[in-house]
Amino acid sequence: MKRDFPSLLLYAFGFMLTWEWLRPMETLTNTRHIGVFLGFLALALFLFYLQMKWTWQTIMKVGYIFVSINHFHYHEGLFHLNWLAAFLTNAIYNTGLLVDRDWIHVSNEFRTFLLFLLLWLMVYLLQYWLLRRQSIFLFFFLTLIYVTVLGTFAPYSAKAAIVRTVVAGFTMTGMLAFYRMIQKEKLPIRASFMRKWMVPLGAMLAVSVLTALFAPKAAAVWPDPVPYLKAAAQPKNGNDQGNLGPKRIGYEMNDDRLGGPFIGNNNPVFMYEAADKTYWKVETKDVYTGKGWIPSGATFTSFREGDLVQVYPIPDTVDTDKRVARVFFTKNFYTLSFLMYPAGVQRIDQVEPQGPKPFEFQMDNVKEKISSNSGNVFGYLVNYKMPKYKAVDLRKTTEIPSSLNEKFLRNIHSSPKGCRPELRN
């Protein structure tokens, strides 16, 4: 491969691909001064492009490494032998730590040295793939896997990185395919041949990238795997963090331990037929422990199908309209024994499955949860009042009703310190 502009372009794209391996380090580790490592990467690739003898390349690379290590980790001047002797002693000691797999106690200067060696090896492999094999697909594929895995499982945004990797990788793949074809056919490399190959390649890449950027994307087919992996890595020893497995979005009976990973869930629980949209309720818990919600107690009231439901009523000063809604559970939730009801509920009628006797219900007056004492409920008819609030009347409100104030605001001063709201006039 000659030292011409297309070859320089190949090395430039190789530099871009290798750079993608260094970008996440600033986000995921405490590695700083990434520019110094990029400088070493650019120097090594440029020396390969110049086809300089390996002895001079080695001298210049080793000199760059020692200058960088002296600048970062030692106060002595570069030409003082004390720091060099200390570094060699430290390198021998840290080599023993590597043999013993004691990764934690490896010194920072030796970590820096190992990173330079790793970059040196990557540059050599890149040069081998470019000059000898004339195929970059393996390195391109590994870079894609590296970027996408970090973008999925680590706090690193790989959206732009994927685009850069695809552009650089496919450009290098197309150029190397041209060089292989020229070499196979034993043709001279002419500028006209290069233009006829590169112009369609560039146009195809531009159209593909722009289409991928601006075209509508389908939603993810599989759920996010991160919650599963985090839950599998958590201890199961019964402590406070041991039962924070992945929770599924939706209704759950237990709210006393919130937080942790969660899994999306789009399965409908129930459906209803009504004239208007309304807010549906199952229960209310009124004590926050700092980790979740629990009820302050439990008092129960029984009633039958068709009786007036004893829930906090809508004030008489609010205008209401009578409404009726038919509620039925989906096939996956036929085993539920509690009811959903809208604000202003009055009566529960026509409960299915119908039996010889009316359904009997029990209401927890603290949680305001209605449960069935007669078995599972498949569907029912609910009569309720739809409140019609006026903005003018709401602005005239000066105080909260005493019943609500006593129930929902009694825990403010007993709440955990970080959860107390500031009450202002």
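An account of the accompanying structure is given in this report.

Rules used throughout
- Residues numbered from 1 in each chain as written.
- Predicted model: local features only at pLDDT ≥ 70, side-chain atom pairs only at ≥ 80, totals over all residues.
- Heavy atoms only, no water.
- Core = buried A, V, L, I, M, F, W, Y, C linked by side-chain atoms within 4.5 Å.
- Buried < 20%, exposed > 50% of the residue type's maximum accessible area, 1.4 Å probe, protein only.
- Helix = DSSP H or I, 4+ residues; strand = E, 2+ residues; numbered from the N terminus.
- Pairing = 2+ DSSP bridges.
- Axes fitted to C-alpha atoms, helices over the stretch in contact; angles between N-to-C directions.
- Left-handed = near helix turned anticlockwise from the far one by under 90°.
- Contact = heavy atoms within 4.5 Å.
- Nonpolar A, V, L, I, M, F, W, Y, C, P; charged D, E, K, R; others polar.
- Phe/Tyr/Trp six-rings, centres within 6.5 Å; stacked < 30°, edge-to-face > 60°.
- Lys NZ or Arg CZ within 6 Å of the ring centre and 35° of its normal.

1. With respect to the nonpolar core
- Ranked by size, the top nonpolar core spans 48 residues in total, and within it L130 and I136 carry the most contacts.
- Listed by contribution, the elements that provide at least two residues to this core are α1 (5-28), α2 (34-50), α3 (54-73), α4 (81-99), α5 (108-133), α7 (159-185) and α8 (191-214).
- When residues in this core are grouped by element, the largest group, eleven residues, is from α5.

2. Quick notes on unusual backbone geometry
- Across the junction of E352 and P353, the peptide omega takes the value 5°, indicating a cis bond.
- Despite not being glycine, Q51 has its phi angle at roughly 60°, a positive value.
- With respect to the secondary-structure elements, Q51 resides in the loop between α2 and α3.
- Positive phi outside glycine occurs at Q350, with the angle close to 50°.
- Mapped onto the fold, Q350 is located in strand β10 (residues 345-352).

3. Quick word on the sheet that holds strand β8 (residues 319-329)
- The sheet built from four strands is open, its strands ordered β3-β8-β13-β10 with antiparallel pairing. At either margin of the open sheet sits one strand with a lone partner, and together these are β3 (270-273) and β10. When strand polarity is set aside, the average angle formed by the axes of neighbouring strands in this sheet is 30°.

4. Some details on the packing of α1 against α7
- Between α1 and α7, the least distance of the axes is 10 Å, while the angle of their chain directions is 145°. For α1 against α7, the interelement crossing comes out left-handed. On α7, the residues that touch P6, S7, L9, L10, F13, G14, M16, L17, E20 and R23 of α1 are A161, R164, T165, A168, G169, T171, M172, M175, L176 and Y179.
- Class assignment for the residues of the contact of α1 with α7 results in twelve nonpolar, five polar and three charged.

5. Structural notes on the packing of aromatic side chains
- This structure, assessed with the given rule, holds 26 aromatic pairs.
- Between Y11 and Y49, the ring centres sit 5.9 Å apart and the planes meet at 70°, which makes this aromatic pair edge-to-face. Of the two residues, Y11 is situated in helix α1 and Y49 in helix α2; the sequence distance between them amounts to 38 residues.
- A centroid spacing of 6.1 Å and a plane angle of 15° characterise the contact between F137 and F141, whose relative ring orientation is stacked. Within this pair, F137 and its partner F141 are both found in helix α6 (residues 137-153), separated by four residues, close to a single helical turn.
- On the basis of relative accessible area, F141 is assigned to the partly exposed category, the value being 41%.
- Here the aromatic residues F66, Y74, W83, F87, F110 and F113 are joined through ring pairs into a cluster of three or more.
- Positioned over the ring face of W19 is R23, at 4.0 Å from the centre of the ring.
- Lying over the aromatic face of F338, K369 brings its terminal NZ or CZ to 5.1 Å of the ring centre.

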